[in-house]
Amino acid sequence: MSSNFTQTAAFIWSVADLLRGDFKQSQYGRIILPFTLLRRLECVLQANKSAVIAEAARIAPMKLPEDAQEKFLHRASGLTFSNISPMDLSRLGEKDIKDNLLNYVSCFSRDAREIFDYFNFSEFVGQLSDANLLYKVTRKFATTDLSPVAVSNHGMGLVFEELIRRFAESSNETAGEHFTPRDIVHLTTSLVFMEDDAALTRPGIIRTIYDPTAGTGGFLSSGMEYVHDLNKHATMGAFGQELNPESYAICKADMLIKGQDISRIKLGNTLSNDHLPNEKFDYMLSNPPFGVDWKKVESDITTEHMVKGHAGRFGPGLPRVSDGSLLFLMHLISKLPTEADRTGRIGIILNGSPLFTGSAGSGESEIRRYILETDLLETIVALPNDMFYNTGIATYVWILTNNKSAERKGKVQLINGVNLCEKMRKSLGSKRNVMSENDIAIITRSFANFEEISPTVLDKRSQVKSSRGRKSEKNSAPAHKTFASKIFPTHAFGYRRITVERALRTSAQLSNERLADLRFAPKPFNAPMRWVYEQFGAAWAEDDYGVFDADQALLIRAKVKADFSELKEAQIKDLTGSTMWRDQAHLLQKALLLQSALGSAQWDNYNLFDLACKNAQAAGDVKLDSKEKKQFEAAVTWTNPAADRVIAKNYRSATLADPLYGLFACDAAEVACNTPKTGKALLKLGDVVEFATDSALREHENVPLDPSCVVKKGIEAYFLREVAPHVPDAWIDDDKRDKKDGALGIVGYEINFNRYFYQYQAPRQLADIDADLQAVEAEIAALLSEVTT
């Protein structure tokens, strides 16, 4: 039985035959896993069982605390756990087996006992007892030899992993939250460990491995298995933390079976409460949840970011609350060793969002910036779709280290492995594809050789198309499945985001139609006030303007509740009161006075219009406060590409012209258009002015980082080459500067896989398309003729 761990696992899983009908398939693992653990523990303890019982009797009169008692008992057992009960599974009896079994489990030491608590073992024991299956299941395990002589620690670990896999696949609707498919685990583990193969084969080697989202312990087990295959005498200490209690119990049980110190497996939220705050690790592997928000722990994380900065885990920045993937990555980076002679390596699985979400200056971009500028990122591998149990989205493996080899320094390798998979015979949830050993080897060889590979056609079968529906007579040739690898300098993913401004051009007109809008307040009152005025305004005189009786107020309230629900109670009171109505009427009267002075013709030079308005207000003693002026201008002005540019500030000759940055020297044409028909010109030749900006025309340009030239010169060269020929009146906003280095433009980083691995496919010839359309038309016509005859 011990010669093949899959056979042993299959034998144990056959307990499911007893459970079928009384339990759901997704519940099998919740019974089989704790019973397997229980049987393994009692087999391991059997050799020193009498010594433990004798020691328990000796120290009982001492009334020691539990911690102190366990130290004596563990010394007697020679292990990190113990059980003081004289019973075992074969001696529990049939009559009182439920109580005897629960009492037997309660006699384990605390860490082992805790595992059964998180498995809800007592609950399932009760269900088994109610179904008259408890004795049968217990006897099945009691006769299964899981002793260290029959199954080594390493072999038992493989058996338990196989049971976990079967459990995950039998409950695949939630498996993806706590279980990473073995092919992905194998690939990620290989990428993380293979750079250290030589070091791991040395005698007496001691290393640590950590997973902050441990799940059922798949990554921890895979890492230990990888090292075991290289060096059976190596010591690998496993550390982890998991949020889900059941997954935590499975992981802890797996580590206990493998002889690990299970006190290093923690329960809790890694982001808000790191239970291993001072630890650094050699190897770190993680598959954090994709796209899960962190709003529940936002306060803790934000506080750590603000208070500790780079001395904490989240110094570079914080991503948006809707996706915490990058928080897990920063957490892992904080666990890299700080000693100069100690290397740490990270393998983490992320979806596509961390690659490019967030513009320059955002939290996501700043995190990518920190990773790339500190040269931590070695490679990113694009995985095939449909690889996980609970999602089919694009996923990527990131490999990071704090000690790159000389040839990798300042560089990042991108590997496109989206086609390295085969279809599964039977889907498991959303998992429809699987990576073979050969697929994994292609990726690991490319990574190990640190080589660029141009798109290479793979020997992969084309996807089988559905037999349903109408088929085209001319099937297009399927696209070839390719594999490629590219190497980039780290700065290739960076850019400086500059803001390109253009001048505001505004026209104005004091027409009756535009001034009529001033009778009504701006949003959210504008639409309801128009309705109210249509209903009641015709009957208003000057002395009762905006006054409503009780019935009118009720009618207005009902209309607002039905059609203008955005208005709150206080705003409804304003709407049914006279104050707001009369304020708007007074504003309209002021505007009409200005109209009488300025006329209703269109002004295409806002500078002259604004001057005329100020003169008219002074002459007619018309005063507009800031709120009234804002509404007045919104009503009578509009952007017009044919209008003259609006001047925001005139520096006269005190400042040198610099049109690249929005400082323009006035020429004769600018002076002429800013000269009223009668009066002094607003500008004189040679004045240096700054124009108001039109936010609707504002654009942003991403200028690639170029360490070989000065930032400002590089940006100016880009602007003159890419922007100025198309919009000659544009300029660069010099105020938009990077917070970190103070240079022009805000630094951003993104890694766009589609851009780097895009393969152009020529469109079909028009003649072929026309022929297909004609064939379809002919077929439709034939079908119609059959219907009509």
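What counts as what
Residues numbered from 1 in each chain as written. Predicted model: local features only at pLDDT ≥ 70, side-chain atom pairs only at ≥ 80, totals over all residues. Heavy atoms only, no water. Helix = DSSP H or I, 4+ residues; strand = E, 2+ residues; numbered from the N terminus. Buried < 20%, exposed > 50% of the residue type's maximum accessible area, 1.4 Å probe, protein only. Contact = heavy atoms within 4.5 Å. Areas by Shrake-Rupley, 256 points an atom, 1.4 Å probe, with all protein chains shown as cover. Lys, Arg positive; Asp, Glu negative; His and termini not counted. Charge placed at Lys NZ, Arg CZ, Asp CG, Glu CD. Salt bridge = Lys/Arg side-chain N within 4 Å of Asp/Glu carboxyl O. 1 Å grid on protein atoms, 1.4 Å probe; cavity = no way out; pocket = protein on both sides within 12 Å on 5 of 7 lines; lining within 4 Å. Points joined across faces, edges and corners; volume = space filled by probe spheres on them. Nonpolar A, V, L, I, M, F, W, Y, C, P; charged D, E, K, R; others polar. Phe/Tyr/Trp six-rings, centres within 6.5 Å; stacked < 30°, edge-to-face > 60°. Lys NZ or Arg CZ within 6 Å of the ring centre and 35° of its normal. Pairing = 2+ DSSP bridges. Axes fitted to C-alpha atoms, helices over the stretch in contact; angles between N-to-C directions. Core = buried A, V, L, I, M, F, W, Y, C linked by side-chain atoms within 4.5 Å. Disulfide = S-S within 2.5 Å. Parallel < 35°, antiparallel > 145°, perpendicular 65-115°, else oblique.

(A) Fine view of the overall build of the chain. Helices and strands together make up the secondary structure of the chain, namely 31 helices and 22 strands. C-alpha atoms of the chain, sized along the principal axes, occupy 115 × 85 × 70 Å. For the chain, the residues scored as buried account for 48% of the 789 residues in total. In the chain, 78% of the contacts between residues at least 6 apart in sequence involve partners at least 24 apart. For the chain, the exposed surface amounts to about 39,100 Å²; the carbon and sulfur share of it is 51%. Side chains of the chain carry 94 positive and 102 negative charges; the gap between the two charge centres is 3 Å.

(B) How the structure looks around the pattern of salt bridges. As enumerated under the stated definition, the model contains 44 salt bridges in all. In this structure, E114 engages K252 in a salt bridge whose closest nitrogen and oxygen atoms are separated by 2.4 Å. A residue pair is termed long-range when its members are at least 10 positions apart, and E114 in helix α7 (residues 110-118) and K252 in helix α15 (residues 245-257) qualify at 138 residues. The exposure class assigned to K252 is buried, which follows from its relative accessible area of 2%. A salt bridge links K404 to D375; its shortest N-O distance comes to 2.6 Å.

(C) Looking closely at unusual backbone geometry. For the peptide bond that leads from K523 to P524, omega is 10 degrees, which places it in the cis range. Residue position: P524 is located in the loop between α21 (512-516) and α22 (526-536). One non-glycine residue, D375, adopts positive backbone phi at about 60 degrees. Residue placement: D375 occurs in the loop between α19 (363-373) and β6 (377-382). Of note, the phi angle at F450 is positive, near 45 degrees, even though the residue is not glycine. Its relative accessible area of 10% is what places F450 among the buried residues.

(D) Just empty space enclosed by the protein, in detail. If you walk through the whole model with that rule in mind, you get three cavities of 30 Å³ or more. Estimates place the volume of the largest cavity at around 50 Å³. Surrounding the largest cavity, P319, R320, D323, S325, L326, S353, P354, T357 and E364 form its lining. At the level of secondary structure, the elements contributing two or more residues to the lining of the largest cavity comprise α17 (325-334) and α18 (353-356). A per-class count over the lining of the largest cavity returns three nonpolar, three polar and three charged.

(E) Main features of the packing of aromatic side chains. Enumeration according to the criterion identifies 27 aromatic pairs in this entry. Relative to Y226, the ring of F193 has its centre 5.4 Å away and its plane inclined at 35 degrees; by these criteria the two rings are tilted. Taken together, the residues span a long stretch of sequence, with F193 in helix α12 (residues 182-193) and Y226 in helix α14 (residues 218-230) at a distance of 33 residues. Considered together, F193 and Y226 belong to a single accessibility category, that of buried residues. Ring geometry for Y210 against F281: centres 4.3 Å apart, planes inclined by 10 degrees, an arrangement best described as stacked. Of the two residues, Y210 sits in strand β1 (residues 206-211) while F281 sits in the loop between β3 (265-267) and β4 (283-286), which places them 71 residues apart along the sequence. One exposure class covers both Y210 and F281, and it is buried. Its guanidinium or amino end placed over the ring of F447, R408 lies 4.3 Å from that ring's centre, counting from NZ or CZ. The ring of Y661 has K712 lying over it, and the distance from NZ or CZ to the ring centre is 4.9 Å.

(F) The arrangement of the sheet that holds strand β15 (residues 602-603) in detail. One open sheet accounts for three strands, arranged β15-β14-β16; its pairing is antiparallel. In the strand order of this sheet, the two ends are held by β15 and β16 (637-639), each with one partner. Pairing analysis gives three bridges linking strand β14 (residues 506-509) to β16, with the strands arranged antiparallel. Within the sheet, the bridge partner assigned to S507 lies in β16 and is W638. Relative to β16, helix α27 (residues 626-636) is tilted by about 60 degrees, and along the sheet it contacts β14 and β16.

(G) Main features of the environment of N103. Turning to its location among the elements, N103 is positioned in helix α6 (residues 97-106). On a C-alpha basis, the gap between N103 and M87 in space is 9.4 Å, while along the polypeptide they are 16 residues apart.

(H) Molecular detail of the nonpolar core. Formed by 97 residues in total, the largest nonpolar core has its most connected members in L101 and F193. If you tally residues by element for this core, the top one is helix α3 (residues 28-45), at 11 residues. The residues contacting F193, other than those within four sequence positions of it, are L200, I209, G223, Y226, V227, M236, Y283 and L285. F314, I348, L705 and F753 belong to the second-largest nonpolar core, a separate cluster that totals 45 residues.

(I) Just the side chain of Q617, in detail. Considering the arrangement of structural elements, one finds Q617 in helix α26 (residues 606-620). Leave out the neighbours within four places in its chain, and Q617 touches L594, V622, K623 and L624.

(J) View of the state of the cysteines. Summed over all chains, the structure comprises zero disulfides. The thiol of C107 is unpaired, and the distance to the nearest cysteine sulfur, on C43, comes to 18 Å.

(K) Broad picture of the pairing of strand β10 (residues 431-434). With three bridges connecting them, strand β9 (residues 422-428) and β10 associate as antiparallel partners. Each bridged residue has a counterpart across the sheet, and for K423 the counterpart in β10 is N433. With antiparallel pairing between neighbouring strands as the criterion, β9 and β10 make up a hairpin whose turn holds two residues, including G429 at a positive phi of roughly 65 degrees.

(L) Structural detail: the sheet that holds strand β5 (residues 345-351). Ordered in space as β3-β2-β1-β4-β5-β7-β6-β8-β12-β11, the 10 strands form an open sheet in which the pairing is mixed. Strand pairing shows two members of the sheet lacking a second neighbour, β3 and β11 (453-457), which therefore form its edges. Taking the axes of each pair of neighbouring strands and ignoring which way they run, one obtains an average angle of 15 degrees across the sheet. In this structure, β1 lies alongside strand β2 (residues 235-242), joined through six bridges in parallel fashion. Bridge assignment links Y210 to a residue of β2, and that residue is F239.

(M) Fine view of the packing of α3 against helix α8 (residues 121-130). It is the contact of α3 with α8, at a shortest axis distance of 10 Å, that shows an interaxial angle of 110 degrees. With respect to their mutual orientation, α3 and α8 come out roughly perpendicular. Residue-level contacts link R30, I31, P34, F35 and L38 of α3 to F121, F124 and L128 of α8. In the contact of α3 with α8, the residues fall into seven nonpolar, no polar and one charged.

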